[in-house]
Amino acid sequence: MAQRAGVFFGWQVVAAAFVVAVFSWGINFYGPSVYLHALHAREGWPLSLISAAITLHFLASGAIVTRLPGLHRRFGLVAVTRTGLLACAAGALAWGHATAPWQMLPAALLTALGWALTSGVAINAMVAPWFDRRRGAALSMAFNGASFGGVLFTPFWAALIAACGFAGASAWVALLVAAVGWVLAGRWLGATPAAMGLYPDGAAGPPPARPLAAPAGPLWRQGPFRSLSLAFALGLVAQMGLLTTLFSILAPALGEAGAGVAMSLATACAVVGRTVVGVALPPGLDRRLAGSANFLLQAAGCLVLVLAGDGAVALVVGVLLFGLGIGNLLSLPPLIAQAEWPAEQVAAVLALLTAVNQAFYAFGPAIFGAALQGWGAAAPPALAAGLQLVAAWVLLLGRRSATAARR
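Cut-offs and rules
- Residues numbered from 1 in each chain as written.
- Predicted model: local features only at pLDDT ≥ 70, side-chain atom pairs only at ≥ 80, totals over all residues.
- Heavy atoms only, no water.
- Phe/Tyr/Trp six-rings, centres within 6.5 Å; stacked < 30°, edge-to-face > 60°.
- Buried < 20%, exposed > 50% of the residue type's maximum accessible area, 1.4 Å probe, protein only.
- Helix = DSSP H or I, 4+ residues; strand = E, 2+ residues; numbered from the N terminus.
- Axes fitted to C-alpha atoms, helices over the stretch in contact; angles between N-to-C directions.
- Parallel < 35°, antiparallel > 145°, perpendicular 65-115°, else oblique.
- Left-handed = near helix turned anticlockwise from the far one by under 90°.
- Contact = heavy atoms within 4.5 Å.
- Core = buried A, V, L, I, M, F, W, Y, C linked by side-chain atoms within 4.5 Å.
- Disulfide = S-S within 2.5 Å.

Draft legend 1. Highlighting the packing of aromatic side chains. A full pass over the atoms with the stated rule returns 17 aromatic pairs. Seen in terms of ring centroids, Phe-29 and Tyr-30 are 5.1 Å apart; in terms of plane orientation they differ by 80°. Their pairing is edge-to-face. Its relative accessible area of 23% is what places Tyr-30 among the partly exposed residues. Judged by centre distance (5.1 Å) and plane angle (20°), the rings of Tyr-35 and Trp-95 are stacked. Of this pair, Tyr-35 sits in helix α2 (residues 31–43) while Trp-95 sits in helix α5 (residues 77–96), and the two are 60 residues apart along the sequence. Accessibility assignment for this pair places Tyr-35 and Trp-95 in one class, buried. Within the aromatic cluster, the residues linked to one another by ring pairs are Phe-8, Phe-9, Trp-11, Trp-130 and Phe-131.

Draft legend 2. A look at the packing of helix α7 (residues 120–127) against helix α8 (residues 135–188). At their nearest, the axes of α7 and α8 sit 10 Å apart, and the two run at 135° to each other. When the axes of α7 and α8 are compared, the pair comes out oblique. With respect to the hand of their crossing, α7 and α8 are arranged in right-handed fashion. When α7 is examined against α8, the residues Gly-120, Ile-123, Asn-124 and Val-127 are found in contact with a partner set consisting of Ala-138, Leu-139, Ala-142 and Phe-143.

Draft legend 3. How the structure looks around the nonpolar core. One finds Trp-95, Ile-123, Met-126, Val-127 and Trp-157 to be the most contacted residues of the largest nonpolar core, which totals 113 residues. Among the elements that make up this core, the one with the highest residue count is helix α9 (residues 223–280) (18 residues). Excluding residues that lie within four positions of it along the chain, Met-126 makes contacts with Val-13, Ala-17, Val-20, Leu-77, Thr-81 and Leu-189.

Draft legend 4. Local environment of the state of the cysteines. According to the stated counting rule, one finds 0 disulfides in the structure shown. Counting only cysteine sulfurs, Cys-88 is the nearest neighbor of Cys-164, a cysteine outside any disulfide, at a range of 20 Å. Just so you know, Cys-302 is unpaired, no disulfide at all, and the nearest cysteine sulfur is the one on Cys-269, 14 Å from it.

Structure representation (structure tokens):
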């Protein structure tokens, strides 16, 4: 096989995956906060009722995503991704046009399908075949689309809603995602390195073999999987819960405008942190150590928020430290799975891991909202710090069983 001239096609696939991530997170991850506010303002429905529909969105997606590797094998990456993007578009349209509470049910199920078919497991499936040695950098760049989904889509939603209402805004978003996504998936996601006469990373030959013995038994009975899934589930509960309450914690000291800027800085730091880890992570370093260090960094930021009181500078420092770790909760699990399971099992590991994570973090906003209401502004970051410290310990504890499983 020979390397074709020009830019390695794998980097074009990374760019396509980046755009898919922007659409997916913009509609399915950051979008629900927009739906919550817009439907409450337009229809007057209780926040608890709309929040229940959003929880259904995340829980149903977790149930669907376990089927994704099988869907990719049966129907192919292009067809499944197109279906997912069309579900995202239809789901956004359904949320925007809901005029009775029961209509949030089909809306939530549509966005759940879209989220399952286009989020983290899907992004890994797009990028992984093209990279081996540089997979960390490639995944980091693709997953940066998740952060940009928040940076770009949240103000985009707001501007469209202000101009043409929630229903009109959802129609424009649906049209954009369906039109661009259909073309993008067909142009960049149908090829494979072998079909194009290429090797991963654009190298002159295949990557060195890394034979890994398949751990015995179903995934949920394997010690390495249990520690990996529990650690990141706890970390994501902390992250989702704190992000949900962070604006309310910051606003009294920084003002609403300042709190908004601080939230944007957290998102920017997520891009920085993910990129640094993806590019600079040494190939020989145990990736569980990197994951534990990331949890500890976020815990440190949370503790600064606990101790900051009304100090504006300390609050911003806490937000920055916490933000640097946000992105790595998406990009590190695929790298850990790559190192600890045979290549043919990685997709199944990530699918079940994602399902476990979503089953946990779907309840994060409710838990942290209750903590804020019951014990004040210091409670959510204190709770998050505790969860992240436990997550770091669990991930390190799993090193022993992961090493034993590889022998």
